[in-house]
Each structure stands twice: as structure tokens, then as C-alpha cells.
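A look at the structure
For reference, the chains in residue letters:
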Amino acid sequence: MTTAGLIAILPLLLLSGTAVGLMLIISIHRSHRIALGLTLLGLAAAFGSLWISAEIVPQRVTSLLMIDQYALFYFGMVIAATIAVVGLAYGYLEQQAVEKEEFYILLLTAALGAAVLAASSHFVSFFLGLEVLSISLYALNAYIYPRKTALEAGIKYLVLAAASAAFLLFGMALIYAAVGTMEFGHMAELMMESAGPNRTLLLPGLAMIITGIAFKLALVPFHMWTPDVYQGAPPPVAAFIATVSKGGMFALLLRYFYRLELHNYGPVVVVFTIIAIASMLGSNLLALLQSNVKRILAYSSIAHMGYALVAFIASGELAVQAVTFYLVAYFVTIIGAFGVVTVLSNSEEDAESLEAYRGLFWRRPALAGVMTAMLLSLTGIPVTAGFIGKFYVVAAGASSSAWALIIILVVSSVIGAFYYLRVIFALYAGAPEDRGAEAAPRMALGSSVLVVLTVLLIWLGVYPAPLLHVIRAALPG
Amino acid sequence: MILIWFIGILLAGGIACWIAARWSAPVCRWIALGATIADFVLSLALWVRSYPVNLLQQQEWLRQVNWNWFPDAGIHFHLAIDGLSLLLVVLTFFLGIVSVLASWTEIREGVGFFHLNLLWVLAGITGVFLAVDLFLFYFAWELMLIPMYFLIAIWGHERRVYAAVKFFLFTQLSGLLMLISILALYMIHHSATGVYTFEYSELIGTSMPLHTAIWVMLGFFIAFAVKLPMVPFHTWLPDAHTEASTAGSVILAGLLLKTGAYGLLRFVVPLFPAAAHWFSPIATVLAAIGIIYGAVLAFGQTDLKRLVAYTSVSHLGFVLLAIFVWNKLALEGALITIIAHGISTGALFVLVGGLQERIHTREMDRMGGLWHTIPRLSGAAMFFAMASIGLPGLGDFVGEFLILLGTYKVSVGLAVAAAIGVLASTLYGLKFIQRAFHGSNVHHWELHDLFAREVVIIAPMIVILLWLGLFPRPVLNTFVPAMQKLQEQAARQYQAYERGQP
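Computed from a prediction, not measured in an experiment: that's the story for all the values here. (Residues numbered from 1 in each chain as written. Chains lettered and ligands numbered in written order. Predicted model: local features only at pLDDT ≥ 70, side-chain atom pairs only at ≥ 80, totals over all residues. Heavy atoms only, no water.)

1. What to know about the overall build of chain A
As a reminder, the rule being used: Numbering of helices and strands starts at the N terminus; helices are DSSP runs of H or I of at least 4 residues and strands are runs of E of at least 2. In this description the radius of gyration comes from C-alpha coordinates, and the expected globular size is given by 2.2 Å times residues to the power 0.38. Only protein chains enter the accessibility calculation, which uses a 1.4 Å probe; a residue whose area is less than 20% of its type maximum is buried, one above 50% is exposed, and one in between is partly exposed. In what follows, a contact means two residues having at least one pair of non-hydrogen atoms within 4.5 Å. To measure how exposed things are, a 1.4 Å probe is used in the Shrake-Rupley method; for residues, cover is taken only from the protein chains shown.
Helices and strands together make up the secondary structure of chain A, namely 20 helices and two strands. Radius of gyration (C-alpha) of chain A: 21 Å, near the 23 Å computed for a compact globule of 477 residues. Dimensions of chain A, computed from C-alpha atoms along their principal axes, come out at roughly 75 × 55 × 40 Å. Counting all 477 residues of chain A, 64% fall into the buried class. Of the contacts formed within chain A by residues at least 6 apart in sequence, a portion of 80% connects residues at least 24 apart. When the accessible surface of chain A is totalled, it reaches about 15,900 Å², and 70% of it is carbon and sulfur.

2. Notes on the interface of chain B and chain A
Where we set the bar: Joining two parts hides part of their accessible area as seen by a 1.4 Å probe, and the buried area is that hidden amount summed over both. Contacts described as polar in this section are N or O atom pairs within 3.5 Å, which, within protein, must combine one atom able to donate a hydrogen with one able to accept it, while residues neighboring in sequence count only if both atoms come from side chains. When residues are sorted by character, Ala, Val, Leu, Ile, Met, Phe, Trp, Tyr, Cys and Pro go into the nonpolar class, Asp, Glu, Lys and Arg into the charged class, and all the rest, Gly among them, into the polar class.
The interface is formed by 33 residues belonging to chain B together with 41 residues belonging to chain A. Taking both sides of the interface into account, the surface hidden between chain B and chain A amounts to around 3,200 Å²; carbon and sulfur atoms contribute 84%. Of all residues in chain B, the largest losses of buried area upon contact with chain A belong to F70, F139 and I180 of chain B, amounting jointly to 15% of the total for that side. Along the contact surface separating chain B from chain A lie two residue pairs in polar contact (both at pLDDT 80 or more). Breaking the side of chain B that touches chain A down by element, the ones donating at least two residues are strand 1 (63-70), helix 5 (134-143), helix 6 (145-155) and helix 7 (160-193) of chain B. Looking at which element gives the most residues to the side of chain B that touches chain A, the answer is helix 7 of chain B, with 13 residues. A class-by-class count of the residues in the side of chain B that touches chain A yields 27 nonpolar, two polar and four charged.

3. Re the pattern of salt bridges
Residue and element names in this part refer to chain A. Under the convention used in this document: Salt bridge, as used here, is a side-chain nitrogen of Lys or Arg placed within 4 Å of a carboxyl oxygen of Asp or Glu.
Scanning the model with the defined rule gives 23 salt bridges over all chains in all. Among the ionic pairs, E183 bridges to R60, the shortest N-O distance being 3.5 Å. With a gap of 123 residues between them, E183 in the loop between helix 7 (148-179) and helix 8 (184-192) and R60 in strand 1 (residues 59-61) connect regions that are remote in the sequence. For E183, a relative accessible area of 16% gives the class buried. Overall, R60 belongs to the partly exposed group, its relative accessible area being 42%. Salt bridges sharing partners connect three or more residues here, namely R30, E99, E101 and E102.

4. Some remarks on the packing of helix 17 (residues 395-410) of chain B against helix 18 (residues 412-436) of chain B
Residues and elements named next belong to chain B. Formally: An axis is simply a line fitted to the C-alpha atoms; with a helix, the fit covers only the stretch in contact. Between two such axes, the angle follows the N-to-C directions and lies from 0 to 180 degrees. These descriptions rest on fixed angle ranges, namely under 35 degrees for roughly parallel, over 145 for roughly antiparallel, 65 to 115 for roughly perpendicular, and the rest for oblique.
Look at helix 17 against helix 18: their axes get within 6 Å of each other, and the N-to-C directions meet at 155 degrees. Classed by the angle they form, the pair helix 17 and helix 18 counts as roughly antiparallel. Residues E400, L404, T407, Y408 and V410 of helix 17 lie in contact with helix 18, whose contacting residues are V412, L414, A415, A418, A419 and V422. Partitioning the contact of helix 17 with helix 18 into residue classes produces nine nonpolar, one polar and one charged.

5. So, helix 5 (residues 102-119) of chain A
Defined as follows: Multiply 1.5 Å by the residue count of a helix minus one, and that product is the helix's expected span.
In this model helix 5 of chain A runs 26 Å from its N-terminal to its C-terminal C-alpha over 18 residues, within 8% of the 26 Å that 1.5 Å per residue would give. Counting buried positions over the 18 residues of helix 5 of chain A gives 16, a clear majority of the element.

Right, here's the structure in full:
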């Protein structure tokens, strides 16, 4: 490996280094504050190193990783989201009667896995990234182990993720058998040859890979685990699964899909179209039945992946930009929403029932305001990032005349509006007089993360031009 | 720049109210009042200075602001005003003052947040009337939804949540259909010219095959028809109007419905004249059905607010009819109806709201003989009910008369149907007066007559209706140049389409 290669993967090295360093420090001296400080420092350094790496990209680092502007952009998203999750988790963990420090190690390795996914250009790095991510998440899900729901979430995630990884591996093996390579670029060349690879192996292989990916993205019909895991996991972890884990996978999907020009490949497009429609309609309809905020957010995150898929399937010139912008908006919004859940939670239970939010506006207006902004962004109302995201997705769909998908998107997002409104209404319900003293402890760090996220949300909603500029520079086509 | 002030004062005023209410509710009310009055005075000043309005010889707009927003995508922060927008903006600020005053004693909980929402919904409506960039238009269109939702959901009456959610979902779905149409238009324009733009004046020349135009137009049409509301998309309206607080009802009936009419006038016909022409038989028949249906249902109500709400369905049916008849007389009538209906229905809601504050019911059965105890309120209610049923000499009459004339030129059948609607309106008007105010005071109400604050609200509204009824020229003079331009654009588009036909 050359020096340039090492510089290119500097963010990954820093992430791993921080994880190892933290582990060593914990073995000497346990301190939640030091763990937090070191984690934030490492993440900030990794974030800063993106600019150093940006100098020398695109850079192929062995045949496993392809570090280009695109990968760096997703690194940035993953790291920034992890920083936000760390900020939220600190106050939450403070209240819990468990060992706190290892949480950050797991979070760092999970982020590392997601980043590897975003940069991977080979089945091996794909699988390695996925497993690093998944294994960290098994433990994170069950981190508050005295709670039964957390254990349930952990076990459920473990079993299902392992099964889906098996599917993925089998799919990779089949494709390897068909084309004789595991490297994306080479695979693309072989598939474009006139003779073409052996389709009898290729199609089942692709189907199994799509299954594995769809599981990670929690798309219908591979979504069953999502509400239970989101409900059982600590809210910051749920935010992490919903964003970083899905973001890394989506980055890989985009790269893989367009590299292999699978959008010209009929059956695959049909499969994704069905998955997108099922995700949009199914999740929104199921969410109508929920009265648990975490579960509502879980279904909402399924729906939003479905919306992002619409732009992805449309695959016009806008598609990659639209998906990427959508993911950024989604990251900000979902972390913000789970952030409010986190800040409202206490040592006994998480704030998940709708009752916990009733009349919140009259007790803690700022927090209710943040939650409202996040829910409106999920609905796609102007002045929030979600609006621009939805606008972009519909524009991408319109540019390739995918009218049926757009109509379904519209209908399902109206269904979605219904349950977001229920939560919003709960926030403002109740007589304003009973301004009881607030018992829940205030989390300074978590609250400031929420403030930053809200500012970001509105900034992206009102003036997204700078971010769009960055996205356009980072993404070819 | 004055256009920025219009919106900026409302937005800033809203925040100031919210902050001020932490210490003192009256201060908050005065700030809200001050903001709306300031805007009203500004808009009047603009009107006076640009009168007589003659757009054809001058520049395209009376005033405009055009800033880059996302230049890459062809999105501009472009506000502009012509005679049509000017009149509607003046109406907006006037009803803004009315609604602040109307909620002076009604709203006691969450005063600051209430006024924040009130002023912001006004800002959103102003944005809708001023935006000439379609992205910005959609932005404002969606934006006015949220504060309105809160106004209904938090400060409404018994079934407020149901009404608010229904309102939100109807407008959200129709709004998204419009978004699809806006983007389709944007893409079609791009493929024809290679330019990405949301600019109204550039999109207006986009040519497309008729069947495409029909689909794209329908997206816009449904969005506006839901707001208007047109039968069969009207079911949200009685609930929302009835359950909202007085200020909410005034804004809904007086302004929010008008954004639908405005959209049809400004966008649907000029952008898609051929499709609109093709669609006009359907739209006009639905309009005529709405006129009669609204009037008949209004007659069947016993809840006063619901009654007034259904009259809106009927009156706005006239506006829809006029827009799809699209001749000079009908359009002039549409504008007068828009303004007169805003005033007369707004006033009726204020009076019914005042009545509810006094006797805590809206049921006509619990009233009767109120004239004995509150003669002035009853007299005012009588006046506005008469205006609403089209008594000559008052604003509504002029509007409906012009629309009937214009319709008659196109189709006698439709004119007859609409005239039957006028007839039916006398039924509900008289029922309203008779059941609530005449007869003997069986429930022995002893009530306080109009307060000074209410007189301040009602008196100017009476004057305006008389003015519109007796001397509507200044209003029409302001509107006609803008109307001619819309007609001209539509005609030019239509001819281009006809030439394209084999």
C-alpha cells in the first residue's frame, strides 16, 4: 500500500485508532467523561481528515476500497451522524445503571463498518464492512441489558441479521460463480460483454444480494425486525441504526447499482419497484395502528427509505443527487426525532408512549418545537430539509416520467401525514395551565445537539444551495 | 421592497407576539394589531400610489422583488404584484385586523402562540398571492397549512382535532398533486427550451400536446378546487369552518378559500388555456351543482357556523363558474364576489362568534327573539345576511349579477341554474334571520349588545360592502388591467395551440 493510499483511508484509520485507544484507556481507568472526550476528539479528527484525503482522491486502495469524492462525502455523513449520536447518548447513558464506556467503542466500530461499506468496491470489503457494522450493533441494541426489551431487540437483530448475511454471502458466491470476479469494476466489464454472464446463476445471486441489502435498509417485506428493534434499543442506538447503518448501505447500493448499470436490467428494476411500493404503502399503513412513538418512527424510517428508492429507481440525471440529498435530510430529521425521545427518557423507561408527549409544548416549548420541526420535516413541509428532499425526489421521478411511483409516493406520504399529525397534536394537547415543574433531568449536551440539528434542518430547508453544490461536486452524474 | 415588508412585518410581528406574551397577553395582542394595521396601511398606500393602474403600457408588474435562491435549479425568490394581487393583499390585511380584534377576548389560552400562528398564516397567504415563481408559490402554499392547522386544532371547538386533521390531509394531498404538476411543467419546459426555470412568466408560454396539458392542469386544478372548495371536494370545509375559532373561520372563509380562486385565475387558465377550455364544461357544471347544493345544505343546518360555512360553498361556486366562463363580465364579477364574500362571510363569522361567546351555543334552536335583547348585533347580522343572499346595493349582488350576465352569454342553462342558486340563498338567509333573531325570546336571553370593539370591526365592513355595491369602479379599475393581461396571455397560448392543430 502506498503513502497516498494510507492518506486516502486516513478517516478510517483514525476511527479504528480511536476505538483501539479508547479500549486501552478503559482498561486502565474508567471514566465516562474521558471516554466521551476521546470519542469526540477522534471523530472530529476523522472528520477533519476528510479534507486531507480529499486532496489526493480518487484513490484505489488495494482492490477492496475505492476512496473518491463520493466515498468521502458519505464518510462525512457517517462521522457527523455518529458525533450527533454520541452527543445524545452521553446524557442518556449517565442515567443508566450499566457500564458506559464500551458503548463508545462499539459506536466507533459500527461507524467504521458503515464507512467501509460506503467506500467498498469489492464483495469482500462489502461483507467485512457489513459484519463490522452488524456485530457492533448486536451489542449496542442490547446495551441496556437489565431491560428485557433491549435483550429482545438484541437477539432479534442478531438472528435476523445473521440470516440476511447468509443470504448475502450465498448471493455473492453465486455471482462469483457466474462472472468469476468479486470486484465491482471488473464485474461491470464482464457483464457488458456481448455474450454476457451465465444468467441462471446471476439472477438468483442478485436476488439474494438484494434481500441482504433490503434487510439492512429495512425495506418491506424485510422490515419485520425494525419496529421491535427500534422500540427495544436505546433511542440513540435506534437513531444510529436508522441513519448511519442505512446510509452506509445506501451508499454501497448506489455505487454497486450504477457501476453495474443494473438500471438497464429489467428484473432488478421490477424487484426494486415492488419493494419501493410495498415499503411506502405498507409502512405508512402499519404506522397508523401504532401509538408508540419509537415504533412510529421505525415505520416512518421504512417509508422514507421507500421514498429514497423512488429517486433511485428513476435513475435520471438527478437520481444520485436526489438520493444523497434525501439521505442527508433524513439523517438530520431522524436523529433529531430520536434525539427528542432520548432527551425525554429517564432511567426507568424511554419516552415512547404517546402519553409522554401530551402537552409537552406547554411544559417544554423548545423541545416540543424541535419535535414539531422534525415531524414536519418527515411530512415534507416547507422550511424544513424534508421538504427539499421530497421535492428533489419527486423531481427526479418526474425527470424520468415515473408517474406511477410518484403518485404512490404522494398518496403514502399523505397517509404518513396523518400519524405525524397525531404526534404533533399530542405535543400541543392539554390545557396550557398545568405547567408542572419538569421532573426529567435536562441533558445539556443532548439539547445542544438538538439545537444544532434544528438549525441545520431549517438551513437545509431554506437555503440548500451550498449543500447541493457539495453534493454535485462529489457525485459524478 | 415593499413586498418584502408585507411578509416580513407579519413574520417578525408573530415572533414578537410570542415573546411578548410571556410577560403580558395584552401587549401581544397590541403587537399583532399593530403589525396587521401597519401592513394594511402600507398596502393601501401602494394602492393609492399606483392608481389608476395601467399595466399594459408600463412594466410587467407594479412592484417586484427578484432574488436568486437556487439559481442552478432555476428557482428564484420572486415576488411581484399586479392589480389582482394588490386587491387580494389589501383584503388579506384587512381581514387580518378583523381576526386579531375578533379574538381579543375569545382566546385566553396560549395567547402568544395563537398570534404567532395567526400572523404566520397571514404571511403564508400573502406569499401565495405574491409569488410568481412556482417553487416559491408551492412553498408558501404548503407553509400556510401548518399555522392554520394549529389554529383549528388548538383553539377550535368540540371536534377540532377531527376537523384539523381532515383539513390538513385534504390540502396536503391536493397540494402534492400540484407539486407533481409543477415539476411536470418544469420538465416539459426544460425539454422544450433547455432551460430549467420555475418562473411564471417563462412557463406561461410552454406548449405541450393537449392530453399532456390536461393531466398537468388537473394537478393544479384539484389543488385549487379543494381549497375553493368545489363539490365534491368540499367536505373538509364545513368541519373546519365550524370547529375553528372565530379568527380561524374568518381567515378560512375570507382568505384561504380565495387562494384557490386566485390560483385558478392566475395559473390554471393562463398556463393551460386549451386544457381549461376542454375542461370548462365539466368545471362549470360542477360549479353550478356547487351553487345549488351549497345553498340547499345551508338551508338544512341548525348550527349557525355550519350554515355560514355552506353558504361559502355556494358563493365560491359562482367564482368557479365565472373563471371557467372566462369573459370580461364574469371575471369582473368573480373578483367582486371574492372580495365581497370575504367581507360578508367574515363579518357573519365574527357575529356568530360574538353570539357564541355570549350564549355558548351555535344552535339556532337555542336562540330566537334575540332582536329584543341585542338589536344592534341582530341588525348587523341581518345586514350581512342580506348581503350574502345578494340584496341589490351591496357587494355580493354586483358580483353575482355580473357573473350571471357573463354566464348567460355563454350558456343560458348554466345561468338559469346559477340563478336558482341565488333564489335558494334567500331561503337560508331568511331562515337564519327568522330563527335566530325574530320571534319571541323564548329562552329569556338577557345579553350585552355589541361592544365598542365589535362595532369597530363591523362598521367598516358595512361601509365596504356598500361601497362595493354602489361604486365598485375603483376596484374594477385596479383589477381590469391585470385581468386583461391574463386574458391576453391565455388567448395567445390558445391561438398557438390552435395553430399547432392540423
